[in-house]
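Given next are the chains, with one letter for each unit.
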Amino acid sequence: MSSALTDLFPRPIVQAPMAGGVSVPQLAAAVSEAGGLGFLAAGYKTADGMYQEIKQLRGLTGRPFGVNLFMPQPEYAESGAVELYTHQLAGEAAWYETELGDPDSARDDGYDAKLAVLLDNPVPVVSFHFGVPAREAIDSLHRAGTFTLVAATTPEEARAVERAGADAVIAQGVEAGGHQGTHRDVPENDGSGIGLLSLLAQIREAVRIPVVAAGGIMRGGQIAAVLAAGASAAQLGTAFLATPESGAHALHKQALTNPLFARTELTRAFSGRPGRGLVNRFLREHGPYAPAAYPEVHHVTAPLRRAAAKAGDAQGMALWAGQGHRLARELPAGQLVEVLTAELAAAWTALSAGGDAR
């Protein structure tokens, strides 16, 4: 990665932006203060809400940080599929004593307004999910002094990121928790995601720009592995979800290591786009029938997810998590960065000596 960018965070650890209230300013500040790169998630927030969080974060740290934006999604034509899924969820609404959400709520997540804020009040790093921004947008951010990263799940997507002029690509393996950052949502491709190490090797050969590796990384030894495979840094989400600074619901944090939630699965049940979460009742019952309709399904299920959380029912919540969730540690975020850094150093030493890199 260009030295100008790595100079922003001396430790090769990026805290993944987790939308939905997880990546709060306190978490991003703790990671940045410890030498990693903390991130705010602007997804599902208004432009002003994003700006207020940026101001709050700047009051907590003078270190560099990033902000993540969701790319606007194309119109979804098959409204009948969404209507059918809404009818299927009627029993859930009755159970949680709430109304279902409006599928026709805002589609673009306030993208243009958020981009305008970030151009008027530049931040060190901006990343993008669900697609590639226009070259003009990336050039404008560069003129403002902002470094740009874009998620990719295939070598072809990585090439599109490079063509757009981004500074680096985030190689998101299928192991990653939360939404897959595919540029186009193609239902026929469900279940065909590429594992991180294989994806990293393919993307390294496909593009010349630096690569940040993401997906299932929970230990310093794994960071060493992706760095050895050519990544410039590692992005971790689930590892930071269990920290006290994380804004995740307490039930979500507890579920990461609860034997009741033994595995994860990619599902459209909660949002209409593939996302990896802990398998619970809602995912099992509704995942097979959820249409490929984002953000319509997200808006429909939002009240259900809020009601389940309020009722203390983890079986109705979206428990986003990566495949390494059982390795989660309830450490303060800054301490976790320190521990990961020590594990990384030990792994490098072991590899150099020909020993066990764990």
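Our subject is the structure listed above.
The structure presented is a predicted model; accordingly, all values stated were derived computationally and were not measured.

Caption draft 1: Here's a closer look at the nonpolar core. Counting 100 residues, the largest nonpolar core has Val 67, Leu 69, Leu 118, Val 169, Ile 223, Leu 236 and Phe 240 as its most contacted members. Here Leu 69 is in contact with Ala 42, Met 50, Tyr 111, Lys 114, Leu 115, Leu 118, Val 126, Ser 127, Phe 128 and His 129, once residues within four sequence places are set aside. Counting 14 residues, the second largest nonpolar core, distinct from the first, contains Ala 151, Ala 168, Ile 170 and Val 212.

Caption draft 2: Molecular detail of helix α3 (residues 47–60). With 14 residues, α3 should cover 20 Å at 1.5 Å per step; its first-to-last C-alpha distance of 20 Å lies within 8% of that length. Buried residues in α3 make contact with α2 (25–33), β2 (38–41), β3 (65–70) and α6 (111–120).

Caption draft 3: Looking closely at the sheet that holds strand β7 (residues 178–179). Pairing is antiparallel in the open sheet, where 3 strands are placed in the order β7-β11-β10. The open sheet has two edge strands with one neighbour each: β7 and β10 (264–267). As defined by bridge partners, β10 adjoins strand β11 (residues 275–278) across 4 bridges and the pair is classed as antiparallel. Looking at β11, one finds that Thr 267 is bridged to Gly 275.

Caption draft 4: Up close: the layout of surface pockets. If you add up the space inside the largest pocket, you get close to 1,100 Å³. Around the largest pocket, the lining comprises 47 residues; the ones closest to its centre are Met 18, Ala 19, Gly 20, Val 22 and Trp 320. Mapped by element, the contributors of at least two residues to the lining of the largest pocket are β3, β4 (125–129), β6 (168–172), β7, β9 (233–236), α11 (238–241) and α14 (296–311). If you tally residues by element for the lining of the largest pocket, the top one is α14, at 5 residues. Of the residues assigned to the lining of the largest pocket, the class counts are 23 nonpolar, 21 polar and 3 charged. Of the voids in this model, the second largest pocket is the one considered here, and its volume is about 550 Å³. Lining the second largest pocket are 26 residues; nearest its centre among them are Thr 182, Val 186, Asn 189, Asp 190 and Ser 192. Counting only elements with at least two residues in the lining of the second largest pocket, the list comes to β10 and α13 (281–286).

Caption draft 5: Quick peek at the sheet that holds strand β1 (residues 13–15). Taken in spatial order, the 8 strands of this open sheet run β1-β9-β8-β6-β5-β4-β3-β2, and their pairing is parallel. At either end of the open sheet lies a strand with only one pairing partner, and these are β1 and β2. Sheet twist, expressed as the mean angle between neighbouring strand axes with direction ignored, is 25 degrees. As paired strands, β4 and strand β5 (residues 147–152) are joined by 4 bridges and run parallel to one another. Residue pairing across strands places Val 126 opposite Thr 148, the latter belonging to β5. Contacts between α6 and the sheet are confined to β3 and β4, with β3 contributing the most and set at about 160 degrees to the helix. Along the sheet, helix α10 (residues 220–228) contacts β1, β8 (211–214) and β9; its crossing angle with β9, the most-contacted strand, is approximately 135 degrees.

Caption draft 6: Highlighting the packing of aromatic side chains. Per the counting criterion, the structure on display carries 5 aromatic pairs. Measuring from centroid to centroid gives 5.7 Å for Phe 270 and Trp 320, while their planes differ by 80 degrees, and the two rings are edge-to-face. Pair noted here: Phe 270 is in the loop between β10 and β11 and Trp 320 is in the loop between α14 and α15 (333–353), with a separation of 50 residues, a long-range link. Classification of Trp 320 as buried rests on a relative accessible area of 19%. Cluster of aromatic residues (ring-pair linked, three or more members): Tyr 44, Phe 70, Phe 130 and Tyr 294.

Reading the values: the criteria
- Counting of residues starts from 1 at the beginning of each chain's written sequence and follows it residue by residue.
- Totals for whole chains, interfaces and linings use every residue, but because this is a predicted model, local features are given only for residues with pLDDT of at least 70 and side-chain atom pairs only at 80 or more, for both listing and counting.
- With hydrogens and water set aside, each side-chain value is computed from the structure's full complement of heavy atoms.
- The term nonpolar core refers to a set of buried residues drawn from Ala, Val, Leu, Ile, Met, Phe, Trp, Tyr and Cys, joined through side-chain atoms within 4.5 Å.
- Summary of the burial criterion: residues with accessible area below 20% of their type's maximum are buried, those above 50% are exposed, and those between are partly exposed, where the area comes from a 1.4 Å probe applied to protein chains only.
- In this analysis, two residues are considered to be in contact whenever any of their non-hydrogen atoms come within 4.5 Å of each other.
- Secondary structure elements are taken from DSSP: a helix is a run of H or I of four residues or more, a strand is a run of E of two residues or more, and numbering for both begins at the N terminus.
- By this rule the span expected of a helix is its residue count minus one, scaled by 1.5 Å.
- In this description, strands pair whenever DSSP reports at least two bridges between them.
- A pocket here means an open set of points on a 1 Å grid, computed over the protein atoms alone, that has protein on both sides within 12 Å along at least five of seven lines. A cavity is instead a set of points where a 1.4 Å probe fits but cannot get out; residues with an atom within 4 Å of a point line either one.
- Grid points are joined across faces, edges and corners, and a volume is the space filled by probe spheres set on the points.
- Three residue categories are used. Nonpolar comprises Ala, Val, Leu, Ile, Met, Phe, Trp, Tyr, Cys and Pro, charged comprises Asp, Glu, Lys and Arg, and polar comprises the others, including Gly.
- Lines fitted to C-alpha atoms define the axes, with helix axes restricted to the stretch in contact, and inter-axis angles between N-to-C directions lie between 0 and 180 degrees.
- Pairing of aromatic rings covers Phe, Tyr and Trp, the last through its six-membered ring, and needs centres within 6.5 Å; plane angles under 30 degrees mean stacked, over 60 mean edge-to-face, and all others mean tilted.

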